[in-house]
Structure formats: structure tokens, C-alpha cells
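Chain and residue survey
In case you want the letters, here they are:
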Amino acid sequence: MERYDLIYQLYDEYDTKTLQEYQAFVDVFPAIDSRVALEHWQGVNDDLEERKDEIRSAFAAGETFAEIASRADRDQAFTALDLEAKYGRAVNVLVLDVDETLRSAGGTDNEIPRDTLHVLTEFHEAGVPIVICTGQTLENVKGFAIQGLGSEIVHSGDLSIVYEAGTGVFTPGHGAQTKQLLYEDLDEEIRNVFDDVRSRVLPEATEDLRRGCHLQGNEFNITMKPNYETGSANAREIIDTALVYLIDLLADAVGDTVENGDGESSLDDETITDWTRAFYAAQDPEIRAVLEGEGAYPDLDSDSVPDVLTDVLARIDVAYYEADAAEIGSLELNKVVGVERALDVLGVDDPFSLVMGDSKSDLRVMKWVDENDAGIAAAPEHASQDTLEHVLETDELVFDRGKSVDILRTVYALNRLARLD
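Keep in mind it's a predicted model, so treat the numbers as computed, not measured. (Residues numbered from 1 in each chain as written. Predicted model: local features only at pLDDT ≥ 70, side-chain atom pairs only at ≥ 80, totals over all residues. Heavy atoms only, no water.)

Re the confidence of the model for the protein chain
- For the protein chain, per-residue confidence averages 93 on the pLDDT scale, and residues scoring 70 or more make up 96% of the total.
- Between residues 261-265, whose pLDDT stays under 50, and residues either more than four places distant or in other chains, the model counts 2 contacts. (pLDDT = per-residue confidence, 0-100. Contact = heavy atoms within 4.5 Å.)

Put into C-alpha cells, the structure is as follows:
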């Protein structure tokens, strides 16, 4: 019997909705020192097993179909079937962004939901490594990872943290490979630019910027964050101002590098600033819109930026996250570089990954796995436009805000189906 027919039978003939409700209750029921509560839990668990036994006895691959029915709804199960038919293999590593992906300030009170954490635990128990891939600092990520997943998983040797969007990789339990500072591999010229900007970014800022922003505690990237609620009008205004300020500071630092490199420069400081603004405006329409809105967009053709300047700017990334952050990073260090290093440390030689994320930095990883037949991509409905377009053009794995668990359940079903082969 075709698998599609079996799935139709499974969801048509059995009360899978109640089965999923019982499974969810059993999985996330809090530890309560109460005899009555524990007896209730045991009663639900017994009923759950009876319902699963009915499915186990009705299908040749009964255990597989019982687990799919209890974890995934009809749409998720059929999506899993489509993915299995298309790719013919299971996901063997999870690559997960955190903010606005696993958790959402608008949908989950900025906490990773308990059902999501539980499914991640099940993937871990099934031997699927987890790569947390984020722009956050290492200490922040370690903190919530241990709090949410537990110290045992974080230090199991099967979890890696790519932090600051790829400037470092932390994989506990791997000896000398545990912490890798990828930014140390950059040449001195680029590291000097970052050192220059970092040393001046707050001391030379206007009073409004010093009061309205703070520096995120990065090891390498330079990230200005608002001292206002993310997404608010005040946050948007101060981050727009911060973006222009960072670009201009970068222009000054790169200008010094260019002058020191050839002994002299035919460009004055004002010209270098205008060229730098034009260069990054051409790279990102959001940056151009901010520069235009701040009255800082130069009337210059970016194609005419001198090569000596372009050669340096093309290695440095300026990122803008509306009402959230303005950042300078290295284009030689990104989430793709970090993920590749994490997979190497974890020993994932032939990855077929689930990549989940919402931003342009996540999109780079999604495109990388697509180009290398190394996985599938999923994004929340509020992801950046380019990210959404890529996901819709591939497997259409779009989920509601705060509901990353829906994709994880789909992939759980995919992996169960792939085992049947």
C-alpha cells in the first residue's frame, strides 16, 4: 500500500487530534510533587499508550505510524511525506537561529516554548546534533541553552554554538577544538579596522547616541543596540542614526588603512565618507533607505568607487536590523563559515540539515545548503523578504510566529518515514 494511502488511513480512521493532545500533555507536564497530579499524568499516559497500541497493531510499520500520529498533525505528516519523496533522506543535523525563530518577543514572550525545547530534546536523544547559529554573544547563548535544554545536552559533545554570526564556534566536549576564534584568522589589516572603530565608537558618539544606544558585548563584531524596546519608534530612530554613524566611523578607519597601505591617498576624508556610504547603499536597499531618510545619501555612482577602497570595503559587512541593531562584521566570517566549522568539529561529514532562521545572515546558510544539496530551509512568516522568497521557492516551509515547533514536528515525521527505507 502506498505511503500516502497509509497516511490518509491513519488520519481518517483514528482520533489523532486527541492522541496529539495526550502526547503533548505527557511530554511537557511539569514536575509536581503531588500524588493527585501524578496519578492524573499516569492515567493520561496509559490512555495514550492504548491508543498507540491500536495503531501499532493495524499497520505493518505500526511503531512509526503511532509516533507520527502522536507528534504531527495531518498537514505536517503529508509535508513530511513530500519531503521524503523529494530528498529520500533524513535530517541529520539541526541548524537553528534563536531570536525571532525559536523564540519571539511578540509570540513567546522572548522565551523558547516548552514544546519546542522538548522536541529538540527528542532530536538529541535520537542522535541528531544541534547547531545553534546566532548573532548573539557566546555567554548569552550558553545561558539560555543550559537553562532551556539542560547542561547535559549542552555539554554532550553533540551541540555546537556558532556565535556573533560566525566569528566564533563553541562546541563543548571537544578538547582543543572546543572554542575556535575564527576572527583570529583574519589578516592584520582588517583586524586593525575593527580595533579602530571599536575604540572610538562610544567615546566619539554624540550625547544622544551614547544615551540611546549601547554596545553589545561581542568578542569581535561591533553592534549598536537601542536602549529602547526593540521595534519601537524610539528604537528605530536611534538605530537609523547609529547606522550612519557606524558607516562614517568605518569610512574613517578604512581611509587610514588605505593611506597607510600606499603611503598617501588622493581621497580626502569627506570623499572617502561619501564613497563608503555609496558602496553600502548599493549593497542593501534597506541601508540606502536609511541613508536617504537621514539626509546622508551621497549623489555618487557606486561603480566608480576606487578599487583601493572597494578592495577593503568588500571584505566588511554593514548590517541593519530595523529598530533592533546596526552592526559591522567581517564578510569573511559569517554563519556559513561558522556552520562549516561546527559540522567539522561535530563530525557531520555528509550533512542534510534543517536550517531555520529569519534574517539575511540565515539566508546565506539556507542558500549554502541548497547549492550543496545539504538540507532544507524554514522561516517564520515575519522573516525578511529575501529569506521568505527563498523558502517559498524551495519547500515552502513557513511557520507562524512563535511556532517553530511545527517545522520540528514535520522533520520528526520525515525522519521516522526515512527510517522505513
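As for the sheet that holds strand E8 (residues 316-321)
- Taken in spatial order, the 4 strands of this open sheet run E6-E7-E9-E8, and their pairing is antiparallel. Taken across any chain shown, the strands that pair with only one partner, and hence form the sheet edges, are strand E6 (213-215) and E8. For this sheet the average axis-to-axis angle between neighbouring strands, irrespective of direction, equals 20°.
- The pairing of E6 with strand E7 (residues 222-226) spans 3 bridges and is antiparallel. When the bridges of E7 are listed, Leu215 appears paired with Met224. (Pairing = 2+ DSSP bridges. Helix = DSSP H or I, 4+ residues; strand = E, 2+ residues; numbered from the N terminus. Axes fitted to C-alpha atoms, helices over the stretch in contact; angles between N-to-C directions.)

So, the domain arrangement of the protein chain
- Domain parsing of the protein chain yields domain 1 (3-70), domain 2 (86-184 + 333-418) and domain 3 (187-330).
- Centre-to-centre separation of domain 1 and domain 3, based on C-alpha positions: 54 Å. (Domains from an automatic or database assignment.)

A few points about the nonpolar core
- One finds Leu10, Ile55, Leu94, Val254, Ile316, Ile328 and Leu354 to be the most contacted residues of the largest nonpolar core, which totals 131 residues.
- The greatest single-element share of this core, amounting to 14 residues, is contributed by helix H11 (residues 233-262). (Core = buried A, V, L, I, M, F, W, Y, C linked by side-chain atoms within 4.5 Å. Buried < 20%, exposed > 50% of the residue type's maximum accessible area, 1.4 Å probe, protein only.)

Examining a negative patch on the surface
- A surface patch of negative charge is lined by Asp256, Asp268, Asp269 and Glu270.
- Note that Asp269 resides in helix H12 (residues 269-283). (Patch = residues over 30% accessible without salt bridge, like charges linked within 9 Å, V, L, I, M, F, W, Y side chains within 5 Å. Areas by Shrake-Rupley, 256 points an atom, 1.4 Å probe, with all protein chains shown as cover. Salt bridge = Lys/Arg side-chain N within 4 Å of Asp/Glu carboxyl O. Lys, Arg positive; Asp, Glu negative; His and termini not counted. Charge placed at Lys NZ, Arg CZ, Asp CG, Glu CD.)

A short note on the sheet that holds strand E1 (residues 93-96)
- Read from one edge to the other, the open sheet built from 8 strands follows the order E5-E4-E3-E2-E1-E10-E11-E12, with strand pairing classed as mixed. At either margin of the open sheet sits one strand with a lone partner, and together these are strand E5 (179-181) and strand E12 (398-399).
- Relative to strand E3 (residues 159-163), strand E2 (residues 130-133) runs parallel, the two sharing 4 bridges. Across the sheet, residue Cys133 finds its bridge partner in E3, namely Val162.

A closer look at the environment of Pro172
- Tracing the chain through its elements places Pro172 in the loop between strand E4 (168-170) and E5.
- Here Pro172 falls in the buried class, since its relative accessible area comes to 3%.
- Sequence-distant contacts of Pro172, defined by excluding residues within four places in its chain, comprise Val154, His155, Gly157, Leu159 and Thr178.

Digging into the pattern of salt bridges
- For the coordinates displayed, the defined rule picks out 36 salt bridges.
- Salt-bridge contacts for Asp284 lead to Lys360; the nearest nitrogen and oxygen are separated by 2.7 Å. Residue Asp284 is found in the loop between H12 and helix H13 (285-293), and its partner Lys360 is found in helix H16 (residues 360-371); the two are separated by 76 residues along the sequence.
- By relative accessible area, which is 10% here, Asp284 ends up buried.
- Members of the salt-bridge network, linked through shared partners, are Asp27, Lys52, Glu67, Arg71 and Glu122.

Section: helix H7 (residues 138-149)
- For H7, spanning 12 residues, the distance from its first C-alpha to its last is 16 Å, which sits close to the expected 16 Å at 1.5 Å a residue.
- Among all positions in H7, only Leu138, Val141, Phe144, Ala145 and Leu149 are buried. Viewed end-on, H7 has its buried residues packed into an arc of 145°, placing them on one side of the element. The exposed set on the far side of H7, more than 90 degrees from its buried face, consists of Glu139 and Gln147.
- Its buried side turned inward, H7 meets helix H6 (114-125), E2, helix H8 (151-154), E3, E4 and E5.
- Looking one or two residues beyond H7, the residue adopting positive phi is Gly150, at roughly 100°. (Expected span 1.5 Å × (residues − 1). Arc of directions from axis to C-beta.)

Quick notes on the side chain of Asp196
- Relative to the assigned elements, Asp196 resides in helix H9 (residues 188-200).
- For Asp196, a relative accessible area of 19% puts it in the buried group.
- Setting aside residues no more than four positions away along its own chain, Asp196 makes contact with Ala253 and Asp256.

Overview of the packing of aromatic side chains
- Within this structure, the stated rule accounts for 10 aromatic pairs.
- Plain terms: the ring middles of Phe25 and Phe29 are 5.0 Å apart, the flat faces sit at 50° to each other, and that makes the pair tilted.
- Here the aromatic residues Tyr4, Tyr8 and Phe78 are joined through ring pairs into a cluster of three or more.
- Over the ring of Phe144 we find Arg103, and its NZ or CZ is 4.6 Å from the ring centre. (Phe/Tyr/Trp six-rings, centres within 6.5 Å; stacked < 30°, edge-to-face > 60°. Lys NZ or Arg CZ within 6 Å of the ring centre and 35° of its normal.)

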